[in-house]
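# Results of the structural survey
Residues per chain, in single letters:
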Amino acid sequence: GPVIALTGLRGAGKSTVGPLVAAELGVPFVEMDTLVQAAAGLPVDQIFELHGERYYRRIERDTLQSILAGSGPSVVAAAGGVVNEPSSWKTLLDRATVVWLRARPEDHWRRVVAQGDRRPMADNPDAMAELRGMLASREGRYAQAHVVVDTARRTPQAVTRAIVSELASHEERSA
């Protein structure tokens, strides 16, 4: 589809690489979490706390529908948990070109910490094990992406080039 959706765990580089890919392709960049927050009028973690996961998932689904119904091509940083919602994940696979930014648990960890966000690991000695578990549980679904790009030990620029060239050959294959 004209929408290119970047998926992957937090720290995969969606927000860093997304704008670079969009600029390269000359299309707008959309951060799904930002739209979800705008729709709810709350930061994502507060949506969960105050309204619960089902409410969040509903907003996430509506946001996804409106992105996909939107006019013309764009690059979207999909919400990290979108793979956990079977209907949203299927919609994405059916109607967008899905790119999985694959990374090792260590890479995710390093990047999230580098972003100054200790939240996933705060006071949690098991955080790394949980991160591995989360990656393992989602890997099968992420692997259904149309394009898989490995981000380990690659600069955002190198990842961007890889995505752009993979997208081009994906389009040739599906033409």
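These notes cover the structure that comes with them. Just so you know, these numbers come straight off a predicted model, no measurement behind them.

A count of helical and extended segments in the chain gives eight helices and five strands. Starting at the N terminus and ending at the C terminus, the chain contains elements arranged as β-α-β-α-α-α-β-α-β-α-α-β-α. Buried positions account for 44% of the 175 residues belonging to the chain. Taking the contacts inside the chain whose residues are at least 6 apart along the sequence as the reference set, 74% of them involve residues at least 24 apart. By element, 52% of the accessible surface of the chain is carried by carbon and sulfur atoms, the whole surface being about 9,000 Å².

Let us now look at the packing of aromatic side chains. As enumerated under the stated definition, the model contains three aromatic pairs in all. Between the aromatic rings of Trp100 and Tyr142, the centroid separation amounts to 5.5 Å while the plane-to-plane angle is 15 degrees, which identifies the pairing as stacked. Taken together, the residues span a long stretch of sequence, with Trp100 in strand β4 (residues 97–102) and Tyr142 in helix α7 (residues 127–142) at a distance of 42 residues. Under the relative-accessibility criterion, Trp100 is labelled buried at 3%. Here the aromatic residues Trp89, Trp100 and Tyr142 are joined through ring pairs into a cluster of three or more. Residue placement shows Arg102 over the ring face of Trp100; its charged tip is 5.6 Å from the ring centre.

Definitions and limits used
- Residues numbered from 1 in each chain as written.
- Predicted model: local features only at pLDDT ≥ 70, side-chain atom pairs only at ≥ 80, totals over all residues.
- Heavy atoms only, no water.
- Helix = DSSP H or I, 4+ residues; strand = E, 2+ residues; numbered from the N terminus.
- Buried < 20%, exposed > 50% of the residue type's maximum accessible area, 1.4 Å probe, protein only.
- Contact = heavy atoms within 4.5 Å.
- Areas by Shrake-Rupley, 256 points an atom, 1.4 Å probe, with all protein chains shown as cover.
- Phe/Tyr/Trp six-rings, centres within 6.5 Å; stacked < 30°, edge-to-face > 60°.
- Lys NZ or Arg CZ within 6 Å of the ring centre and 35° of its normal.

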